Amino acid sequence: MDPGVESSMEAVRRSKDEKKVLRKQIKASHTLLKHEGISTTPQPSKSLVVANGGLGNGVSREALSAALKEMGELETLIMHPHKPYAFVTYRSEECARKAHVHLNGQKLQCGENSVTLYLSYVDSVTCKEEGSLPLPDGLVLVEDFVSPEEEALLLAAIDWSGTNDDVTAQKALKHRRVKHYGFEFRYDNNNVDKDKPLPAGIPQECLPVLERCLKNKHIITMPDQLTVNQYESGQGIPPHVDTHSAFEDTILSLSLGAQTVMEFRHPDGRLVSVVLPGRSLLVMKGESRYLWTHGITPRKFDMVPACDPQFPAHTMSDLRTNSNLTLSKRGTRTSFTFRKIRHEPCCCAFPSACDSQGGPSASPPSPPSLPSCHADAAHLEEEYVHRVYDAIASHFSSTRHTPWSRVCDFLSSLPPGSVLADVGCGNGKYLGVNPEVIAVGCDRSSALIQICAERGFQVFVSDALSVPLRTASCDACISIAVIHHFSTQERRLAAVRELVRLLKPGGRALIYVWAFEQEYNKQRSKYLKDQNKERPENHSPSDNTSEDSQEPHGKASIQTSRCLEDSPVDDLQCVSKVSDGKLSVHTNRTAFNTQDLLVPWHLKDGKRQGQEESGEGVKKDKKKEKSKKTYNSITTSDCNPDPSPGFKTRVPSGSGQDTSDATHSSDSKPSASDDTTQTSTSTQKSESESSPTPVFHRYYHVFQQGELEQLCGQVAGVKVQSSYHDQGNWCVILEKDMHL
Ligand SMILES: O=C(O)CCC(=O)C(=O)O
Ligand SMILES: [Fe+2]
Ligand SMILES: [Zn+2]
């Protein structure tokens, strides 16, 4: 080809590429403005927002910082947790310009993850850093407590070969392996047999360390019990308080090997995440030992404060608000927990958490309150929706199989080739109903999304308030049993708005929410009818609501189509009987007496997500790797900043699923006790005395008649086409205006 022609073609191609980058950059700016309130400016400045370069995109601080530093010296780099963008400020505008020219539209490789960065100038950066939270009272972290040589010596002192199982009570638990010295800690009764010391006492290699602890006044008497826990990446220990009656006040935990993050929770909801570096000593005394739970979330990455000389390193922080974070890959961690056996009942100052003083069963953890601001709402949903769905995902999914018939009717009515988004798709039970449509699903729960991906569906992790799909890209959307998990009216409205945004003009959305009215037109819903499945309180709990319970069953279902005009929308009064501002825990299969409540989920034996993960080991992990790709490829799409973390570093969780829950059969056995041990005061997961089956609580706002229509009526550009009651759910079909 004539070189002249060739070079002009090249020029055309280049300018096409440039245009494409520009288009995407503008789009990214719009998305940032719309979803995050960040305004960009065409005027060059020292600061840039880097769309797609956030922790929420799976980008590590190290990778981004390295790419940015090639363009010049940085003043600050701010990465908020879970956000799909980062802010960088260069020392000079010159460097910022250079970064803008050279990095805009460029791919950044981060592990197996690749993202395309879009950079725009900003006048100011939002630094939401609210400072670190103080450590729980009585908690001390001593870094570099042992030398690398001592560390090696201590690790070598533990023989995991299994030949001395009896002397050290070695156990392979589902989430980790443990060995006990001195006395065995029994996970069945969360206590120790005080008159049955183990043949193996504390290994003598530990003595120099313990003597140093005495000398430094971390302890006043020599411990006589040691538990060695070994965690592989992805493993953890559930939140718990070490049983008061078993051990004296001070508990020492020496961390060896890889670093991890331990979460401390106060019964009032305060959460403090503490980074435990290898070779550090954690000393738990007083309130931190008796009242706060401690636990390690099973995951493969932690979000930790960045170790950058420009930013002082934090050993603890509220990771929700700290913007100076990076990802840290977990490795094998071995901890030595030294404790002193208690021989008298505990008489601590924390009776609510003290088994010697009638608690914790006597006074269960205080339930959360209804949120009064956006941050509280997000926090409540994180704890009482997202974390729960991730924890129960596997069990939950096993109870979700039959698609509801009226949802199927809606799906079947879509013309072939329609694009459908199922926002809050759970285990994907609606994604394959109409094979003629192009269905994509998303959910906040990465565990549920993983299940969908394994089933071959096109899915991605996303919050329902910010779905990374183009405006007007869908012919239809469904939101089945999702919006009732948002805890304020504003957030429920925002969820409807987001669905409508996705619709093409003329597109339709079907929304189902759980109804306050479980008895409608004189007929009780199946949820109530299955009351006899309920068993008395202290028997094996069987009160998960059944999928079938709310399943509309053909003829039996009561379907009363209502028009918006019929609804008593004018004077809806919120039925919120929240005594002392606390949310009440609903008794399953009874009528609702309040609109905002916590619904218990009794986890069936062996069905917790994490248990399966480590139980099946490598095989399962491989499966996961495979499925991860499926959704990463969507979540890391380079067309706009993706608000959903496509990587699985923490436990986010599902924006919810079905209004109905799973039948917990009365013959279910107690769950494996290894990891739900000890005195749990966690508000989230409680062990009952009679059954160690973990109970999780999900937040719901059940809708009153007319409320859903009223909510949708506030969204511009959409009409309620029909609305009806379907076996304990309020349902609407919306249609987006044609002229939009
Ligand atoms: O691994 C750790 O540091 C803590 C272990 C622990 O909490 C326990 O065994 O009770
Ligand atoms: Fe513990
Ligand atoms: Zn006590």
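Attention here is on the structure that accompanies the text. What you are looking at is a predicted structure, and each value in this text was computed from that prediction instead of being measured. (Residues numbered from 1 in each chain as written. Chains lettered and ligands numbered in written order. Predicted model: local features only at pLDDT ≥ 70, side-chain atom pairs only at ≥ 80, totals over all residues. Heavy atoms only, no water.)

As a further point, take the sheet that holds strand β27 (residues 474-480). Where strands meet in a sheet, backbone hydrogen bonds hold them as pairs that are either parallel or antiparallel. Taken in spatial order, the 7 strands of this open sheet run β26-β25-β24-β27-β28-β36-β35, and their pairing is mixed. A single partner strand is all that each edge strand has here, and the edge strands are β26 (458-461) and β35 (718-725). Shown here is a sheet whose adjacent strand axes are inclined to one another by a mean of 15°, direction ignored. One ladder, built from 4 bridges, connects strand β25 (residues 438-443) with β26; its direction is parallel. If you follow Cys 442 over to β26, its bridge partner there is Phe 460. Packing against the sheet, helix α11 (residues 489-502) makes contact with β24 (419-423), β27, β28 (503-514), β35 and β36 (729-736), and its axis sits at approximately 150° to β28. (Pairing = 2+ DSSP bridges. Helix = DSSP H or I, 4+ residues; strand = E, 2+ residues; numbered from the N terminus. Axes fitted to C-alpha atoms, helices over the stretch in contact; angles between N-to-C directions. Contact = heavy atoms within 4.5 Å.)

Turning our attention to the site of ligand 1. Residues in close proximity to ligand 1 total 13 residues, the closest being Tyr 231, Ser 253, His 294, Arg 333 and Ser 335. His 294 places a side-chain nitrogen or oxygen 2.9 Å from an oxygen atom of ligand 1. Measuring from an oxygen atom of ligand 1, one finds a side-chain N or O atom of Arg 333 at 2.8 Å. Burial of ligand 1 by the surrounding chains reaches 99%, relative to a free accessible area of 290 Å². Counting residues per element, the ones that place at least two in the shell around ligand 1 are β13 (225-231), β14 (237-240) and β23 (333-339). Among the elements that make up the shell around ligand 1, the one with the highest residue count is β23 (4 residues). When grouped by side-chain class, the residues that make up the shell around ligand 1 number 3 nonpolar, 7 polar and 3 charged. (Near = heavy atom within 4 Å. Polar contact = N/O pair within 3.5 Å; in protein donor to acceptor, adjacent residues only side chain to side chain. Areas by Shrake-Rupley, 256 points an atom, 1.4 Å probe, with all protein chains shown as cover. Nonpolar A, V, L, I, M, F, W, Y, C, P; charged D, E, K, R; others polar.)

Summed over the entire model, instances satisfying the criterion amount to 0 disulfides. Cysteine Cys 347 remains unbridged, with the sulfur of Cys 346 as its closest cysteine sulfur at 6.1 Å. Residue classification places Cys 347 among the exposed positions, given a relative accessible area of 69%. (Disulfide = S-S within 2.5 Å. Buried < 20%, exposed > 50% of the residue type's maximum accessible area, 1.4 Å probe, protein only.)

In this section: the coordination of the iron ion (ligand 2). Coordination of the iron ion (ligand 2) by the protein involves His 240 (NE2), Asp 242 (OD) and His 294 (NE2), with metal-donor separations of 2.1 to 2.2 Å. Read N to C, the donor residues that coordinate the iron ion (ligand 2) are spaced as H-x1-D-x51-H. Of the two residues, His 240 and Asp 242, both sit in the buried class. (Donors = N, O, S within 2.8 Å, 3.2 Å for Na, K, Ca; no water.)

Only His 244 (ND1), Cys 346 (SG), Cys 348 (SG) and Cys 354 (SG) from the protein reach the zinc ion (ligand 3) as donors, at distances of 2.0 to 2.4 Å. Geometry at the zinc ion (ligand 3) is tetrahedral, judged from its 4 donor atoms and the angles of 100 to 131° they form at the metal. Considered as a linear motif, the donors of the zinc ion (ligand 3) on their single chain read H-x101-C-x1-C-x5-C. In this pair, His 244 is assigned in the loop between β14 and β15 (251-257) and Cys 346 in the loop between β23 and α8 (374-398), connecting sequence segments 102 residues apart. The two residues His 244 and Cys 346 agree in class, both being buried. (Tetrahedral: all angles 85-135°; square planar, octahedral: opposite > 155°, others 65-115°.)

Moving on: the environment of Thr 297. Within the secondary structure, Thr 297 is located in the loop between β19 (293-296) and β20 (301-305). Separated by 34 residues in the primary sequence, Thr 297 and Glu 263 have C-alpha atoms spaced 7.7 Å apart. A distance of 2.5 Å separates a polar atom in the side chain of Thr 297 from a polar atom in the side chain of Glu 263.

One pass over the structure, following the stated rule, counts 20 salt bridges. Measuring nitrogen to oxygen at the nearest pair gives 3.9 Å for the salt bridge that ties Glu 383 to Arg 387. Taken as a pair, Glu 383 and Arg 387 lie in helix α8 at a separation of 4 residues, close to a single helical turn. Both residues of the pair, Glu 383 and Arg 387, count as buried. (Salt bridge = Lys/Arg side-chain N within 4 Å of Asp/Glu carboxyl O.)

Bringing the nonpolar core into the picture now. If you look at the biggest cluster of nonpolar residues, it comprises 35 residues, and the most contacted ones within it are Ile 483, Val 496, Ile 511 and Leu 734. Elements supplying a minimum of two residues to this core: β24, β25, β27, α11, β28, α14 (707-713), β35 and β36. Element by element, the count of residues in this core is highest for α11, at 6 residues. When neighbours within four sequence positions are excluded, Ile 511 is seen to be in contact with Ser 479, Ile 483, Val 496, Leu 499, Leu 708, Cys 712, Trp 730, Cys 731, Val 732 and Leu 734. Core analysis: the next-biggest nonpolar cluster, separate from the first, contains 27 residues, Ala 447, Leu 583, Phe 592 and Trp 601 among them. (Core = buried A, V, L, I, M, F, W, Y, C linked by side-chain atoms within 4.5 Å.)

Quick look at the packing of aromatic side chains now. Aromatic rings in a pair are described by how distant their centres are and how their planes are angled relative to each other. Evaluated as defined, the whole model comprises 12 aromatic pairs. Residues Trp 514 and Tyr 700 carry aromatic rings whose centres are separated by 4.9 Å and whose planes lie at 70° to one another, so their mutual orientation is edge-to-face. You can see Trp 514 sitting in strand β28 and its partner Tyr 700 sitting in strand β34 (residues 695-701), a full 186 residues away along the chain. With a centroid separation of 5.1 Å and an interplanar angle of 85°, the aromatic rings of Tyr 520 and Trp 730 are classed as edge-to-face. Placement of the pair is Tyr 520 in strand β29 (residues 519-520) and Trp 730 in strand β36, with a sequence separation of 210 residues. (Phe/Tyr/Trp six-rings, centres within 6.5 Å; stacked < 30°, edge-to-face > 60°.)

Another aspect to go through is the pairing of β36. The element β36 is extensively covered by neighbouring structure, given that 7 of its 8 residues are classed as buried. Inspection of the sheet shows β35 paired to β36 by 7 bridges, in the antiparallel sense. Paired with His 725 across the strands is Trp 730, a residue of β36. Linking β35 to β36, which pair antiparallel, is a turn of 3 residues; within it Gln 727 sits at a positive phi near 45°.

By themselves, these observations are geometric and do not establish any function.
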